[in-house]
Amino acid sequence: PPSSHQAPTAHRHHCLVLVAKEELSSPFQLQTHPPMFRSRRIINNTTFTSTSCHMIRCAIITFAASGMIMLHTKTSHSLDNYLKNDSHDLFIAPENMSVGAGAADTKESMIELDIDNACPRSSAINTKNNNSPPPNLMPLDRLLSIVKYWHEINCPQKETCQFASIGQHLLHIAMKRNQTLLTVQVGAMDGRSNDPMYGMFVETRGKNYVQARNGDIAPGRDSPFPDLRNWLPVMIEPVPKNYEDMKETYLGIASDRGLACAVPIHAAVSYDSTKTTCPFCRFNTADDAPPSCKGQPDWMKFQIGTLDCEHSKRFFNKDFDLCILQDPLPCNSLEKLLSDHFVPAEHIAMLQIDIEGYEYILLDGMFKEIPDESLPPVIHFEHKVMKDQDMTHPLVNRTSRVDHTKELLSSRGYHFYDEGEDYLALRLV
């Protein structure tokens, strides 16, 4: 229960689970100081599955707003009558029952990371401190359960149904379990500018969705995560200048925030199996670039490189031949790029994509190489450029880029939340 000076409000919910060693009689007096909670009727020997979790958690939130408390686990038979007829029930879990944050009682399948190869000491980022990431990645079955529970609690309220919120929540749990949270970012740019991962874990600017409890996390000045050893970021960036700046950014994170390992990949994601190098259109940022190119804003110079050179031609128009370089860069499928760096594509917790309108092609290809049961529980991708392209240059004989992408994801159990220029997609299966 809350401390004596904290009364339950509509903005706080408190859940208490009692584990019963023997049958208890009703009524049962729950003693608290101050005496905030009244007697509850007891339901003994209740077993639980995930089928009725949603109903119970809704009840907890409802009762918290009125100063009530619901003691809960998950039940295999309907609690509908109890909830309709008596809003003061106390649920007692049998002693041998596993009780968690809305997660199904399944045995986790641990995946051990090949740390020596994925995090080679030859990389300056990985030698900046003495930390080492925990060898066990957060397993997908646990991730899916956490994401579903988080979604039910947070997404009815738009202000907390955010990419940053679920990311901070997952890292917090990884820290408590001594596991590693694997994230993959395609189109990482310099690792800092307008970067959702950097804003989520490093410099949150006051948007800290995880509160410190009992000393579990000691929030820093800008972030709730002063030690990031439980985060394993994979950053894929094809533009040479951006790639070098990105490595410097992560050197700083390793130095200042204890990041133990990062996997920078200088390549582009492509699903053309006939190529291992791809023509990549990027802005000419060389010292000898034409003066009219040098005068362009930084976002144009560094943020809009793309494999879709036709889009680049349309965007720059007459300046294309003057300011755009078509470099052959290493390219391969997402799964192949990751496996070449000893990172398992089947255990990505969060996937962030910002590749200037190419998102629909990447996701289409990824779904063909990664089995549905191994897809990332959380995908965050930009839709702004795709929408612009759909308006000015619609695809021939097929649905729009954005609709095609949403259909791909929806068919695999993802639910969408619009964040302005991006979509947050959560896999709720």
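Conventions used here
- Residues numbered from 1 in each chain as written.
- Predicted model: local features only at pLDDT ≥ 70, side-chain atom pairs only at ≥ 80, totals over all residues.
- Heavy atoms only, no water.
- Pairing = 2+ DSSP bridges.
- Helix = DSSP H or I, 4+ residues; strand = E, 2+ residues; numbered from the N terminus.
- Axes fitted to C-alpha atoms, helices over the stretch in contact; angles between N-to-C directions.
- Parallel < 35°, antiparallel > 145°, perpendicular 65-115°, else oblique.
- Left-handed = near helix turned anticlockwise from the far one by under 90°.
- Contact = heavy atoms within 4.5 Å.
- Nonpolar A, V, L, I, M, F, W, Y, C, P; charged D, E, K, R; others polar.
- Phe/Tyr/Trp six-rings, centres within 6.5 Å; stacked < 30°, edge-to-face > 60°.
- Buried < 20%, exposed > 50% of the residue type's maximum accessible area, 1.4 Å probe, protein only.
- pLDDT = per-residue confidence, 0-100.

## Remarks on the pairing of strand 11 (residues 324-332)
Part 1 of the argument: Pairing of strand 9 (residues 268-269) with strand 11, which is carried by two bridges, proceeds in the parallel orientation. The partner of Val 269 across the bridge, within strand 11, is Asn 332.
Part 2 of the argument: Where strand 10 (residues 277-283) lies against strand 11, seven bridges are found, and the strand directions are antiparallel. Looking at the pairing, Cys 278 lines up with Leu 329 of strand 11.

## Some words on the packing of helix 13 (residues 359-369) against helix 15 (residues 401-410)
Part 1 of the argument: Closest axis-to-axis distance for the helix 13/helix 15 pair is 9 Å, and the angle between their directions is 25°. The orientation of helix 13 relative to helix 15 falls into the category roughly parallel. Read as a crossing pair, helix 13 and helix 15 show a hand that is left-handed. Of helix 15, the residues touching helix 13 (which contributes Tyr 360, Leu 363, Asp 364 and Phe 367) are Arg 401, His 404, Thr 405, Leu 408 and Leu 409.
Part 2 of the argument: Of the residues that constitute the contact of helix 13 with helix 15, the class distribution is five nonpolar, two polar and two charged.

## Description of the packing of helix 4 (residues 140-154) against helix 5 (residues 163-177)
Part 1 of the argument: At a closest axis distance of 11 Å, the pairing of helix 4 and helix 5 adopts a crossing angle of 135°. As summarised for this structure, helix 4 and helix 5 are arranged oblique, according to the angle between their axes. Crossing hand, helix 4 versus helix 5: right-handed. Every residue of helix 5 that contacts helix 4 at Arg 142, Leu 143, Ile 146, Val 147, Trp 150 and Asn 154 is listed here: Ser 165, Ile 166, His 169, Leu 170, Ile 173 and Arg 177.
Part 2 of the argument: Here the residues of the contact of helix 4 with helix 5 are counted per class, giving seven nonpolar, three polar and two charged.

## Examining the sheet that holds strand 6 (residues 181-186)
Part 1 of the argument: Read across the open sheet, the seven strands follow the order 8-7-6-12-13-15-14; overall the sheet is mixed. If you trace the sheet from one side to the other, it starts and ends with strand 8 (263-265) and strand 14 (414-418), each paired once. Between one strand axis and the next, the sheet turns by 15° as a mean value, whatever way the strands run.
Part 2 of the argument: Taken together, the three bridges between strand 7 (residues 231-236) and strand 8 define a ladder with parallel strand orientation. Within the sheet, the bridge partner assigned to Ile 236 lies in strand 8 and is Ile 265.

## Things to note about the sheet that holds strand 9
Part 1 of the argument: Read from one edge of the open sheet, three strands run 9-11-10, paired in mixed fashion. Because the sheet does not close on itself, it has two edges, and the strands there are strand 9 and strand 10.

## Concerning the pairing of strand 14
Part 1 of the argument: Here five bridges tie strand 14 to strand 15 (residues 422-427), and the two strands are oriented antiparallel to one another. Note that in strand 15 the partner of Asp 418 across the bridge is Tyr 423.
Part 2 of the argument: The turn linking strand 14 back onto strand 15 is made up of three residues, and Gly 420 within it adopts a positive phi angle of 100°.

## Focus on the packing of aromatic side chains
Part 1 of the argument: Scanning the model with the defined rule gives five aromatic pairs in all.
Part 2 of the argument: Their ring planes at 75° and their centres at 6.0 Å tell us that Phe 201 and Phe 225 sit as a pair that is edge-to-face. Note that Phe 201 is positioned in helix 6 (residues 196-201) and Phe 225 in the loop between helix 6 and strand 7, a separation of 24 residues in sequence.
Part 3 of the argument: A residue is classified by how much of its surface remains accessible, and Phe 201, at 0% relative accessible area, is buried.
Part 4 of the argument: For Phe 225, a relative accessible area of 0% puts it in the buried group.
Part 5 of the argument: A ring pair is formed by Phe 381 and Tyr 423, whose centres lie 5.7 Å apart and whose planes are at 50°; its orientation type is tilted. Of this pair, Phe 381 sits in strand 13 (residues 378-382) while Tyr 423 is found in strand 15, placing the two residues 42 residues apart along the sequence. Assigned by exposure class, Phe 381 and Tyr 423 land together as buried.

## Details of the confidence of the model for the protein chain
Part 1 of the argument: Summary statistics for the protein chain give a mean pLDDT of 74 and a share of 70% for residues scoring 70 or more.
Part 2 of the argument: The model gives residues 1-107 a pLDDT under 50, and that stretch makes 167 contacts with residues more than four places away or in other chains.
Part 3 of the argument: Below pLDDT 50 for its whole length, residues 212-221 participates in eleven contacts with residues either more than four positions away or in separate chains.

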